[in-house]
Amino acid sequence: MSKTKIFLTLSGYQLTWLMCVFGEVLYQSFLPGLIAGVIFLFLVFVNSKNKKRFFYIIFLISIIGYLFDSVLVNLGIYEFNTSLKIGLLPIWMLVLWPSFATLFIEILVFLSKYKLVALILSGILGPLTYYAGYPLGLISIDNFTLFFVIMITFWILLMLFYLNFLLRIKFN
């Protein structure tokens, strides 16, 4: 994968995340994030070499993410303060999790050589992306210790799943 494609994919995900978060914080609207996410996912799909692999990874990571967030919101570990929800989650999660999952398609492959680094980064950066919404008022957290213990565990397990399962699957 070229450095340009890596940069564009990382930038597209970050832009989607920023639009989801700041669309809610600044405009109380899900539309900026939803639109940015749909455009980003379309562009990544069109430029993906293996469409079957694209759908498989996006689907698996997104379902795991949706279930994780839904369970924790249902248990009261955290709550999203957003303008529109589908079930328990903000509508823009419909594009945020798939947008995040694009990173697993080609960007994070290099981490397979550095598993310990991958687990540490995942255990730190995953929870911090959620926590970033707290000072902005986008997410309410009742018990920070429980929140971080669960988040760190989940993100490490998600990375282990990726490194030990998803990377080993062969797509024709």
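First, a word on what this report is: a plain description of the structure on this page. Just so it is clear, the structure is predicted and the values come from calculations on it, not from any experiment.

### Here we look at helix α5 (residues 115-131)
Three or four residues apart is the spacing at which side chains of an α-helix point the same way, because the helix has 3.6 residues per turn.
Item 1. The end-to-end C-alpha distance of α5 is 24 Å, a good match for the 24 Å that 17 residues give at a rise of 1.5 Å each.
Item 2. What α5 keeps buried is the set Ala 118, Leu 119, Ser 122, Gly 123, Gly 126, Pro 127 and Tyr 130.
Item 3. Those residues of α5 hidden inside the fold are in contact with α3 (51-74), β1 (78-80), α4 (93-105), β4 (139-141) and α6 (144-164).

### Some details on the packing of aromatic side chains
Item 1. Following the criterion strictly, the structure yields 23 aromatic pairs and no others.
Item 2. Measuring from ring centre to ring centre gives 6.2 Å for Tyr 131 and Phe 144, while their planes differ by 70°; the resulting arrangement is edge-to-face. Here Tyr 131, found in helix α5, pairs with Phe 144, found in helix α6; they are 13 residues apart in sequence, far enough to count as distant.
Item 3. What makes Tyr 131 partly exposed here is its relative accessible area of 29%.
Item 4. Lying across the ring of Phe 45, Lys 51 places its NZ or CZ 5.0 Å from the centre.

### Examining the packing of helix α2 (residues 31-47) against α4
Item 1. Two elements in contact, α2 and α4, have axes whose closest approach is 9 Å; the angle formed by their N-to-C orientations is 35°. The chirality of how α2 crosses α4 is left-handed. Here α2 contributes Gly 33, Leu 34, Gly 37, Val 38, Phe 40, Leu 41 and Val 44 to the contact with α4, which in turn contributes Val 95, Pro 98, Ser 99 and Thr 102.
Item 2. For the contact of α2 with α4, the per-class residue count stands at seven nonpolar, four polar and no charged.

### Brief notes about the nonpolar core
Item 1. Counting residues in each nonpolar core, the largest one holds 51 residues, and the members touching the most others are Ile 61, Tyr 78, Trp 97, Phe 100 and Tyr 130.
Item 2. Elements supplying a minimum of two residues to this core: α1 (3-27), α2, α3, β1, α4, α5, β4 and α6.
Item 3. Apart from the residues within four sequence positions on either side, Trp 97 is in contact with Ile 61, Ser 62, Gly 65, Tyr 66, Asp 69, Tyr 130, Phe 154, Trp 155 and Leu 158.

### Some points on α2
Item 1. When the terminal C-alpha atoms of α2 are compared, their 24 Å separation across 17 residues agrees well with the 24 Å that a helix rising 1.5 Å per residue should span.
Item 2. Looking only at α2, the buried set comprises Gly 33, Leu 34, Ala 36, Gly 37, Phe 40, Leu 41 and Val 44. Take α2 and look down its axis: the buried residues cluster within an arc of 165°, on one side only.
Item 3. Tucked into the core, α2 has its buried residues touching α1, α3 and α4.

### Regarding a nonpolar patch on the surface
Item 1. A cluster of nonpolar side chains, Phe 110, Tyr 114, Leu 116, Val 117, Ile 120, Leu 121, Ile 124, Leu 125 and Leu 128, forms an exposed patch at the surface whose accessible area comes to about 870 Å².
Item 2. You can see Leu 128 is positioned in helix α5.

### Considering the pattern of salt bridges
Between side chains of opposite charge, a pair can form as their charged atoms come close.
Item 1. Applying the stated criterion across every chain, the model contains one salt bridge.
Item 2. Between Glu 79 and Lys 85 there is a salt bridge, with its nearest N and O atoms 2.3 Å apart.
Item 3. With a relative accessible area of 30%, Glu 79 lands in the partly exposed category.

### Description of the side chain of Ser 29
Item 1. Locating Ser 29 in the fold gives a position in the loop between α1 and α2.
Item 2. Looking at Ser 29, the relative accessible area reads 18%, which means it is buried.
Item 3. Looking at Ser 29, its side chain comes within polar contact range of the main-chain nitrogen of Leu 31, at 3.1 Å.
Item 4. Among all residues touching Ser 29, those that are not within four sequence positions of it are Gly 23, Glu 24 and Ser 83.

### A word on the environment of Ile 86
Item 1. Within the fold, Ile 86 resides in strand β2 (residues 85-86).
Item 2. Spatially, the C-alpha atoms of Ile 86 and Leu 31 are 14 Å apart, while their sequence positions differ by 55 residues.
Item 3. Residues within four places of Ile 86 in sequence aside, it is in contact with Ile 91 and Leu 94.

Rules used in this analysis
Residues numbered from 1 in each chain as written. Predicted model: local features only at pLDDT ≥ 70, side-chain atom pairs only at ≥ 80, totals over all residues. Heavy atoms only, no water. Helix = DSSP H or I, 4+ residues; strand = E, 2+ residues; numbered from the N terminus. Expected span 1.5 Å × (residues − 1). Buried < 20%, exposed > 50% of the residue type's maximum accessible area, 1.4 Å probe, protein only. Contact = heavy atoms within 4.5 Å. Phe/Tyr/Trp six-rings, centres within 6.5 Å; stacked < 30°, edge-to-face > 60°. Lys NZ or Arg CZ within 6 Å of the ring centre and 35° of its normal. Axes fitted to C-alpha atoms, helices over the stretch in contact; angles between N-to-C directions. Left-handed = near helix turned anticlockwise from the far one by under 90°. Nonpolar A, V, L, I, M, F, W, Y, C, P; charged D, E, K, R; others polar. Core = buried A, V, L, I, M, F, W, Y, C linked by side-chain atoms within 4.5 Å. Arc of directions from axis to C-beta. Patch = residues over 30% accessible without salt bridge, like charges linked within 9 Å, V, L, I, M, F, W, Y side chains within 5 Å. Areas by Shrake-Rupley, 256 points an atom, 1.4 Å probe, with all protein chains shown as cover. Salt bridge = Lys/Arg side-chain N within 4 Å of Asp/Glu carboxyl O. Polar contact = N/O pair within 3.5 Å; in protein donor to acceptor, adjacent residues only side chain to side chain.

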